[in-house]
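Below, each chain spelled out in residue letters.
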Amino acid sequence: MTTLEDCRALDAQDALRPLRDQFTLPEGVIYLDGNSLGVLPTAAPARIAEVVTQEWGQGLIRSWNTASWFDLPQRLGDKVARLIGAAPGEVVCTDSTSVNLYKVLFAALSQQKDTGRKLVVSERSNFPTDLYIAESLCRERGFTLKLIEAGELQGPGSVLTDEVAVLMLTHVNYRTGAMHDMKAITAAAHAAGALTVWDLAHSAGAVPVALNDSNADYAIGCGYKYLNGGPGAPAFAWVHTRHAGKFEQPLSGWWGHAAPFEFTPHYRPAPGVGRYLCGTQPIVALAGLECGLDTVLAAEAFDKDQGAMAALRAKSLALTDLFIELVEERCAGQGLSLVTPREHAQRGSQVCLSRGEGAYAIVQALIARGVIGDYRAGDSQMPDILRFGFTPLYLGFEDVWNSVEHLVQVLESGEWKREEFNRKNAVT
Ligand SMILES: *Cc1c(COP(=O)(O)O)cnc(C)c1O
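Note on numbering: residues in each chain are counted from 1, in written sequence order. Totals for whole chains, interfaces and linings use every residue, but because this is a predicted model, local features are given only for residues with pLDDT of at least 70 and side-chain atom pairs only at 80 or more, for both listing and counting. Side-chain descriptors were evaluated using all non-hydrogen atoms of the structure, hydrogens and water having been removed beforehand.

Colleague: How should the packing of aromatic side chains be read in this particular structure?
Modeller: Ring pairs (aromatic) are described by centroid distance and by the angle formed between their planes. Only Phe, Tyr and Trp rings are paired, with Trp represented by its six-membered ring, and only when their centres lie within 6.5 Å; those with planes under 30 degrees apart are stacked, over 60 edge-to-face, the remainder tilted. The full count for this structure, using the stated rule, is 16 aromatic pairs. On the basis of an interplanar angle of 45 degrees and a centroid distance of 5.0 Å, the ring pair of Phe-70 and Trp-255 is categorised as tilted. Residue Phe-70 is located in the loop between helix H3 (63–66) and helix H4 (72–81), and its partner Trp-255 is located in the loop between strand S10 (235–239) and helix H9 (283–297); the two are separated by 185 residues in the primary sequence. In this structure Phe-70 comes out as partly exposed when scored by relative accessible area, which is 35%. For each residue, the accessible area found with a 1.4 Å probe, counting protein chains only, is set against the maximum for its type, and the residue is called buried under 20%, exposed over 50%, and partly exposed in between. With a relative accessible area of 7%, Trp-255 lands in the buried category. When the centroid spacing of 5.3 Å and the interplanar angle of 65 degrees are considered together, the rings of Trp-254 and Phe-261 count as edge-to-face. Of the residues examined, Phe-261 reaches a relative accessible area of 51% and is grouped as exposed. Of the aromatic side chains, those joined through ring pairs into one cluster are Trp-64, Trp-69, Phe-70, Trp-254, Trp-255, Phe-261 and Phe-263. Runs of E in the DSSP output that reach at least two residues are strands. Runs of H or I that reach at least four are helices, and both are numbered from the N terminus.

Okay, here's the thing in structure tokens:
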């Protein structure tokens, strides 16, 4: 059994510990929600203030050139590329995840439009915005969205028939923390003649991703979760080079034009991923995102060969393993079940527990104690979920101990039954 002293010893031996100094965290908070909104990089307020007061205030319109505003989406895209197994020039940071999904799914469907394939396959448990975007695009473009249950991809009688145009999956499930085998699934999809669209919202900055090695087709991801880019930070989009230069971008704005400042009357798409840009980019928000990206890239110093995510992954698994071990030992008989897979190859950087009763209120009681996780409603397949994200950049082993200690106290005391913890807020 792991003790508090063991956890302290693990922190003392943890080479990644100094990475925590990059963040400004409130006193007395154990933040287990970096999967929903990452924390504030200490460098961000000053950098954002500099962009506002100097680059905007003093540089004015000159800053598009003098402060390199113009190529910021590509420059940050190159930083994201280092975290997702992509190459420089293959990624842009722009727009929201939802909007980027619209663009890449449109592109994938356009590629398949003459093949007679009519299905877009996704999982019923996918994040709703992904399903909503797919639903409307399918309606507009004459495709049908087919939703499958988790696990149906692997089983016999595969859903990957010759009717499937696009397989659209989220790599790490937002509720369960279960992770797909991107390489194997992409290979199976390609063997069946389908293209793949991967949502990396819970993967970028959370787990190693190897887009090129997996031979994936399209990917998008979120800037404000594990990448610490700030609320509503720009998201990113990637396309494999074999499609770059060919794919159709439905939002053909001037920023995706090959030569926007020629002001010609007709659209000519930029070569490669640059055509994913639509209109004028949010420079202040991009500056915040860069601060967040730099906090993750700082981990490159700890694994010079394999990069930041290899270094972070080892600690992430150690943290989630410890949390699972402590919950199972210390909360036994309290009605909690582990939802997240135990196998490392199938686990993201979060641990989800389900409980038939009180999941929302237990999370609220924990938040009142400074342990911030979140709640996601269950469905016919699964009871309500308590969700805990583990970000190795700023969490330590003693934090894991303390969060489980609070969970034990909340459960054993019945504190969560108090009325104040059972009133639902607008944002859960
Ligand atoms: C968080 C998340 C999003 C968020 O989309 P926004 O456009 O930023 O609101 C989309 N997809 C998945 C899978 C997510 O986890």
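Colleague: How should I be thinking about the packing of helix H5 (residues 97–111) against helix H6 (residues 128–141) in this particular structure?
Modeller: Helix-helix packing is described using two parameters, namely the angle between the two axes and the distance between the axes. Only C-alpha atoms enter the line fits that serve as axes; for helices the fit covers just the stretch in contact. Angles between N-to-C directions range over 0 to 180 degrees. Packing of H5 against H6 leaves a shortest axis separation of 10 Å and a crossing angle of 40 degrees. In terms of orientation, H5 lies oblique with respect to H6. The way H5 lies across H6 gives a crossing that is right-handed. Residues Ser-98, Leu-101, Tyr-102, Leu-105, Phe-106, Leu-109 and Ser-110 of H5 lie in contact with H6, whose contacting residues are Thr-129, Asp-130, Ile-133, Ala-134, Leu-137, Glu-140 and Arg-141. Each residue is assigned to one class: nonpolar for Ala, Val, Leu, Ile, Met, Phe, Trp, Tyr, Cys and Pro, charged for Asp, Glu, Lys and Arg, and polar for all the others, Gly among them. Classifying every residue of the contact of H5 with H6 by side-chain character gives eight nonpolar, three polar and three charged. Roughly parallel means an angle under 35 degrees; roughly antiparallel, over 145; roughly perpendicular, 65 to 115; everything else is oblique. For a crossing to be left-handed, the near helix must be turned anticlockwise from the far one by less than a right angle; the clockwise case is right-handed. What makes two residues a contact is simply this: any of their non-hydrogen atoms within 4.5 Å.

Colleague: Quick question: what am I supposed to make of the side chain of Thr-186 here?
Modeller: When you line up the elements, Thr-186 lands in helix H7 (residues 182–191). What makes Thr-186 buried here is its relative accessible area of 0%. For Thr-186, the residues in contact, after removing those within four places along its chain, are Thr-196, Trp-198, Ser-214, Asn-215 and Ala-216.

Colleague: Help me out: how do you make sense of unusual backbone geometry in this one?
Modeller: A negative phi angle characterises most non-glycine residues, just as the trans form characterises most peptide bonds. Unlike most non-glycine residues, Leu-60 shows phi in positive territory, near 50 degrees. Relative to the helices and strands, Leu-60 is located in the loop between helix H2 (44–56) and H3.

Colleague: Is there a simple way to think about the sheet that holds strand S11 (residues 337–338) in this case?
Modeller: Sheet strands line up and pair through hydrogen bonds in the backbone, either parallel or antiparallel. Should DSSP find at least two bridges between two strands, the strands are regarded as paired. Strand order in the open sheet formed by four strands is S11-S12-S15-S14, with antiparallel pairing between adjacent strands. Two strands bound the open sheet, and with one partner strand each, they are S11 and strand S14 (374–376). Pairing of strand S12 (residues 350–354) with strand S15 (residues 385–389), which is carried by five bridges, proceeds in the antiparallel orientation. Paired with Leu-353 across the strands is Leu-386, a residue of S15. Sitting on the sheet, helix H11 (residues 359–368) touches S14 and S15, and the angle it makes with S15 is about 40 degrees.

Colleague: How should the packing of H2 against H9 be read in this particular structure?
Modeller: Interaxial distance between H2 and H9 falls to 9 Å at its minimum, and their mutual angle equals 150 degrees. Considering the angle they form, H2 stands roughly antiparallel to H9. In this structure, H2 meets H9 at a crossing whose hand is right-handed. Across the interface between the two elements, Ala-44, Arg-47, Ile-48, Val-51 and Val-52 of H2 pack against Ile-283, Val-284, Ala-287, Gly-288 and Cys-291 of H9.

Colleague: When you look at the site of the ligand in this model, what are you seeing that I'm missing?
Modeller: If even one non-hydrogen atom of a residue comes within 4 Å of a molecule or strand, that residue is called near it. The ligand sits among Ser-96, Thr-97, Ser-98, Phe-127, Thr-129, Asp-130, Thr-170, Asp-199, Ala-201, His-202, Tyr-224 and Lys-225. Identification of polar contacts relies on pairs of N or O atoms within 3.5 Å, with a donor-acceptor requirement for protein atoms, meaning one able to donate a hydrogen and the other able to accept it, and with residues adjacent in sequence counted only if both atoms are side-chain atoms. Thr-97 places a main-chain nitrogen or oxygen 3.5 Å from an oxygen atom of the ligand. Mapped by element, the contributors of at least two residues to the shell around the ligand are H5 and H6. The residue inventory of the shell around the ligand, partitioned by class, reads three nonpolar, six polar and three charged.

Colleague: I tried to follow the pattern of salt bridges on my own but got confused; where do I start?
Modeller: Two side chains carrying opposite charge are able to pair once their charged atoms lie near each other. Take a side-chain nitrogen of Lys or Arg and a carboxyl oxygen of Asp or Glu: if they are within 4 Å of each other, that pair is a salt bridge. Inspection of every chain in the model, using the stated rule, returns 26 salt bridges. Its salt-bridge partner being Lys-79, residue Glu-290 comes within 2.9 Å of it at the nearest N-O pair. Taken together, the residues Glu-290 in helix H9 and Lys-79 in helix H4 connect sequence positions 211 residues apart. Like Lys-79, Glu-290 is buried. Ionic pairing is found between Asp-374 and Arg-387, a salt bridge with its closest N-O pair at 2.7 Å. Taken together, the residues Asp-374 in strand S14 and Arg-387 in strand S15 connect sequence positions 13 residues apart. A relative accessible area of 2% means that Asp-374 is categorised as buried. Judged by relative accessible area, Arg-387 falls into the buried class, the value being 1%. One salt-bridge network, held together by shared partners, links Arg-75, Lys-79, Glu-290 and Asp-294.

Colleague: What's the story with the environment of Gly-256 in this structure? I'm lost.
Modeller: Mapped onto the elements of the fold, Gly-256 is located in the loop between S10 and H9. A C-alpha to C-alpha distance of 9.8 Å links Gly-256 and Thr-280, two positions 24 residues apart in sequence. In contact with Gly-256, other than residues within four places in its own chain, are Tyr-267, Arg-268, Pro-269, Ala-270, Gly-274, Arg-275, Leu-277 and Cys-278.

Colleague: Looking at this structure, how should I read the sheet that holds strand S7 (residues 164–170)?
Modeller: Spatial strand order, S4-S10-S9-S8-S7-S5-S6: seven strands in an open sheet with mixed pairing. The open sheet terminates on both sides in strands that have one partner only, identified here as strand S4 (91–94) and strand S6 (144–148). Pairwise comparison of adjacent strand axes, ignoring direction, gives a mean angle of 20 degrees for this sheet. Bridging between S4 and S10 involves four bridges; their strand directions are antiparallel. Looking across to S10, one finds that Val-92 is bridged to Ala-237.

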